[in-house]
Amino acid sequence: MHGALRRAHGRQRQAGTTLDRFRLNALVTSAAFGGRRGRVYRRIAELSGTGPGDRVLDVGCSSGYLVRLLAAAAGPSGAVTGLDPSEAAIAYARRRGPAGASFTVGVAQDLSAFADGAFDVVTSTLALHHVPARKRQDAFREMYRVTRPGGRLLVADFDPSRRALRLHGGAARMRQAAAATGPLDDLAVTAGYLVEALGTLPLLRYVIAVR
């Protein structure tokens, strides 16, 4: 079973890890959260501050789970874009995406498909530890660039001080990657954001910042 769980983390590319087995990864993530995934992601959507009419970018969207929650918050007058390096995940997300949601293949460290200040809100959840260490600051700079002045950022990733369920085959590797990521607020500040809040959720740490 652990072998299958490890395979859920996909393959390594120069640009980062691509989770092509995204549906298996969703099951693994749900198990790691001990059945609290829905509650945690609903809280992330709330913390993002997404409201009616907002333009939102979700970086590392995988199958679009958070995008669907953000689209509900943005309403029919809003627009939510999900970005992920996995073509398979994006194809799946497009099939299940609600009205007002769109999806594109891409990586966090290169958001050149989007104009400066294109989004009111930028989110990224459980994606940063998949970005190569030397590219993580680039990812924050790109997220800053596409956030409008006064817009918000919410980045959440594994909290290395928390212990994932032992059945998760990649738990040790994830904790190591999360620890190597460093303080999320430092990455945000270096990119140019003003940090509003730091916090924790089950298994996660997060930063909320404003451009």
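So, how was this worked out
- The numbering scheme is per chain: residues are counted from 1 as the chain's sequence reads.
- Whole-chain, interface and lining totals are the exception, using all residues; otherwise, since this is a predicted model, local features are given only for residues with pLDDT of at least 70 and side-chain atom pairs are given and counted only at 80 or more.
- Just so you know, side-chain values use all the structure's heavy atoms and leave hydrogens and water out.
- A pair of strands is considered paired only if DSSP assigns at least 2 bridges between the two.
- Where helices and strands are cited, they refer to DSSP runs of H or I of at least four residues and of E of at least two residues respectively, numbered from the N terminus.
- The convention used is that axes are lines fitted to C-alpha atoms, helices contributing only their stretch in contact, and that angles between N-to-C directions extend from 0 to 180 degrees.
- In what follows, a contact means two residues having at least one pair of non-hydrogen atoms within 4.5 Å.
- By convention, a stacked pair of Phe, Tyr or Trp rings (six-membered ring in the case of Trp) has centres within 6.5 Å and planes under 30 degrees apart, an edge-to-face pair has planes over 60 apart, and any other such pair is tilted.
- Burial classification: accessible surface area is computed with a 1.4 Å probe over protein chains only, and a residue below 20% of its type maximum counts as buried, one above 50% as exposed, and the rest as partly exposed.
- Two conditions define a charge sitting above a ring: the NZ of Lys or the CZ of Arg must be within 6 Å of the ring centre, and it must be within 35 degrees of the ring normal.

(A) Up close: the sheet that holds strand 9 (residues 204–210). Ordered by their spatial adjacency, seven strands build an open sheet running 5-4-3-6-7-9-8, and the pairing between neighbours is mixed. Two strands close off the open sheet at either side, each with one partner strand: strand 5 (101–105) and strand 8 (194–201). Direction aside, neighbouring strands of the sheet carry axes that sit 15 degrees apart on average. Where strand 8 meets strand 9, seven bridges bridge the pair, whose relative direction is antiparallel. Bridged to Leu-194 within strand 9 is Val-210. Each of strand 4 (79–84) and strand 5 is contacted by helix 5 (residues 87–96), which is oriented at about 165 degrees to strand 5, the strand it contacts most. On top of the sheet, helix 6 (residues 136–146) reaches strand 3 (55–59), strand 6 (119–125) and strand 7 (147–158); it is set at about 145 degrees to strand 7, its chief contact.

(B) Examining the packing of aromatic side chains more closely. Here the structure, examined in full by the defined rule, presents three aromatic pairs. When the ring of Tyr-41 is compared with that of Tyr-65, the centres are 5.3 Å apart and the planes differ by 85 degrees; the resulting orientation is edge-to-face. Of the two residues, Tyr-41 is situated in helix 3 (residues 37–47) and Tyr-65 in helix 4 (residues 65–74); the sequence distance between them amounts to 24 residues. Look at Tyr-41 and you get buried, because its relative accessible area is 7%. Residue Tyr-65 is classed as partly exposed on the basis of its relative accessible area, which comes to 23%. Here the aromatic rings of Tyr-144 and Tyr-193 are separated by 5.1 Å at their centres, their planes lie at 90 degrees, and the arrangement is edge-to-face. Here the residue Tyr-144 occupies a position in helix 6, and Tyr-193 occupies one in the loop between helix 8 (184–191) and strand 8, the gap between them amounting to 49 residues. The exposure class assigned to Tyr-144 is partly exposed, which follows from its relative accessible area of 22%. Here the guanidinium or amino end of Arg-211 rests over the ring plane of Tyr-144, the centre of that ring lying 4.4 Å away.

(C) Just unusual backbone geometry, in detail. Unlike most non-glycine residues, Ser-62 shows phi in positive territory, near 55 degrees. Along the polypeptide, Ser-62 turns up in the loop between strand 3 and helix 4. Within the chain, Leu-126 stands out as a residue other than glycine whose phi angle is a positive 55 degrees. Summarising the element assignment, Leu-126 is placed in the loop between strand 6 and helix 6.

Read these as spatial facts, not as claims about activity.
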